[in-house]
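Breakdown of the fold
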Amino acid sequence: MLLTEYRGSIMFELTGKTAIVTGASRGIGKAIALKFADLGANVAFMHVGDGEKAEETVKELEAKGIKAKAYECDVSDFEAAKQLVADIIEEFGEVHILVNNAGIVRDGLILSMKESDFDAVINVNLKGTFNMTKSIYQHFMKKRRGRIINISSIVGITGNAGQANYASAKAGIIGLTKSVAKELGSRNVTANAIAPGFIRTDMTDGMPEKAREAALASIPLKRPGEVEDIANTAAFLASDEASYITGEVIRVDGGMAI
Ligand code: NAP
């Protein structure tokens, strides 16, 4: 066998699969969508804002020779999420992979944190993950296969001053992931979480300079993570090679939370 053939055979392969990625018009979600498309998967993704950015992403995905479609939908709206998943199943046929990536931050010490900031972060990050999981649940059960990949955060493991809402939501996602793994394991559905550390995106670009410096100083690998670092892990978890991994939380953080 030629070395190139051998190399080809060990690459993750998602040809013929369809993935839903929440929040993929930019950042980590976009990198995951592009990586999945590179590996042959069709991609349906959701966004709430900038329709132009979403359309740009659709074009980039289609250029890789797969089917792609963007849907405007707020994951925190249960009925909207349910309808959206039904629409995607109708449009694409079977769905094989769900990536719950959509997330927001509303940072502040509890002393000054508004109730609405707590609720908004829980509703998008945690309830959005529940809404999407519940909406795809029966489809995966019936097909007796499926992959759920939830984007948590290392602060869901460690906690973080100024992020009580976000850390609670991300810790909740870990509990949700493990529960889903136990509920759906007998149906050949896996559920895993990725806990990113400090990844360069719009979300971290918006951090105060002091907080960014402190975060960078605490990373043993001495660099921020790139969106591709998370996308590569998601690709592995979606692949056949990860079929015996479920209920796991994989830190992708350059050692930040060791
Ligand atoms: P980002 O650049 O701010 O992108 C967030 C994405 O989520 C956008 O595509 C946004 O859509 C979408 N979104 C936000 N609210 C939504 C809603 N209600 N319904 C549907 N989509 C919604 O963030 P990111 O840095 O890529 O983060 C992606 C995920 O990784 C988040 O869950 C975040 O908590 C997690 N994470 C990030 C880091 C990091 O260092 N960056 C670290 C740990 C965990 P629009 O483009 O339409 O606004």
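Quick note: structure is the one above.
Sequence order as written defines residue numbering, which begins from 1 separately in each chain. Only residues with pLDDT of 70 or above have their local features reported here, since the model is predicted, and side-chain atom pairs are shown and tallied only from 80 upward, although totals for entire chains, interfaces and linings are computed over all residues. Side-chain figures throughout are based on the complete set of non-hydrogen atoms in the structure, without hydrogens or water.

What follows concerns the overall build of the chain. The number of helices and strands found in the chain is 10 helices and 7 strands. Each radius of gyration is computed over the set of C-alpha atoms, and the globule rule expresses the reference value as 2.2 Å times the number of residues to the power 0.38. Relative to the compact-globule value of 18 Å for 258 residues, the chain shows a C-alpha radius of gyration of 18 Å, a close match. By its C-alpha atoms, the chain is 55 × 45 × 40 Å across when sized along the principal axes. When accessible area is computed with a 1.4 Å probe and restricted to protein chains, residues below 20% of their type maximum are described as buried, those above 50% as exposed, and intermediate ones as partly exposed. Sorting the 258 residues of the chain into buried and exposed places 48% on the buried side. Here, Shrake-Rupley sampling with a 1.4 Å probe gives the accessible areas, and only protein chains in the shown set may cover a residue. When the accessible surface of the chain is summed, it comes to about 12700 Å², and 53% of that surface belongs to carbon and sulfur atoms. Across the chain, the 30 positively charged side chains and the 33 negatively charged ones have centroids separated by 5 Å. A helix here means a DSSP run of H or I that spans at least four residues, while a strand means a run of E at least two residues long, and both kinds are numbered starting from the N terminus. Only four residue types enter the charge count: Lys and Arg as positive, Asp and Glu as negative, with His and the chain ends excluded. To locate a charge, take atom NZ for lysine, CZ for arginine, CG for aspartate or CD for glutamate.

If you trace the backbone, G93 turns up in the loop between α4 (78-92) and β4 (97-100). Taking the relative accessible area as the measure of exposure, G93 reaches 32% and is therefore partly exposed. Spatially, the C-alpha atoms of G93 and T18 are 8.4 Å apart, while their sequence positions differ by 75 residues.

One heavy atom within 4 Å of a molecule or strand makes the whole residue count as near it. With respect to spatial proximity, 31 residues lie near the ligand, and among them R26, G49, N101, Y166 and T201 are the closest. Between G23 and the ligand, the recorded distance is 3.2 Å, taken from a backbone N or O atom to an oxygen atom. Whenever a nitrogen or oxygen atom comes within 3.5 Å of another N or O atom, the pair is scored as a polar contact, on the condition that within protein one atom can donate a hydrogen and the other can accept it, and that pairs from neighbouring residues in sequence are kept only if both atoms are in side chains. Here an oxygen atom of the ligand and a side-chain polar atom of S25 are 2.8 Å apart. Look at the ligand: alone it shows 900 Å² of surface, and the protein chains cover 94% of it. When residues of the shell around the ligand are traced back to their parent elements, those giving at least two are α2 (27-38), α5 (115-143), α7 (164-184) and α8 (202-205).

With that out of the way, let us pick up the sheet that holds strand β3 (residues 68-72). Strand order in this open sheet of 7 strands is β3-β2-β1-β4-β5-β6-β7, and the pairing throughout is parallel. One side of each edge strand has no neighbouring strand; the edge strands of this open sheet are β3 and β7 (249-252). Within the sheet, the average angular offset between the axes of one strand and its neighbour, ignoring direction, is 15 degrees. Where strand β1 (residues 18-22) and strand β2 (residues 42-47) come together, 5 bridges link them in parallel fashion. Pairing of T22 across the sheet is with M46, part of β2. When DSSP finds two or more bridges between a pair of strands, those strands are recorded as paired. As a rule, the C-alpha atoms of each element are fitted with a line to give its axis, helices using only the stretch in contact, and angles between N-to-C directions run from 0 to 180 degrees.

So, on to the pairing of β2. Of all 6 residues in β2, 5 are buried; the element is thus mostly enclosed. Consider the strands pointing away from the viewer: the crossover is right-handed when the path from the first strand over the helix to the second runs clockwise. For the segment spanning β1, α2 and β2, crossover handedness is right-handed. Pairing of β2 with β3, which is carried by 5 bridges, proceeds in the parallel orientation. Across the sheet, residue M46 finds its bridge partner in β3, namely Y71. Considered for its hand, the β-α-β crossover made up of β2, helix α3 (residues 51-62) and β3 is right-handed.

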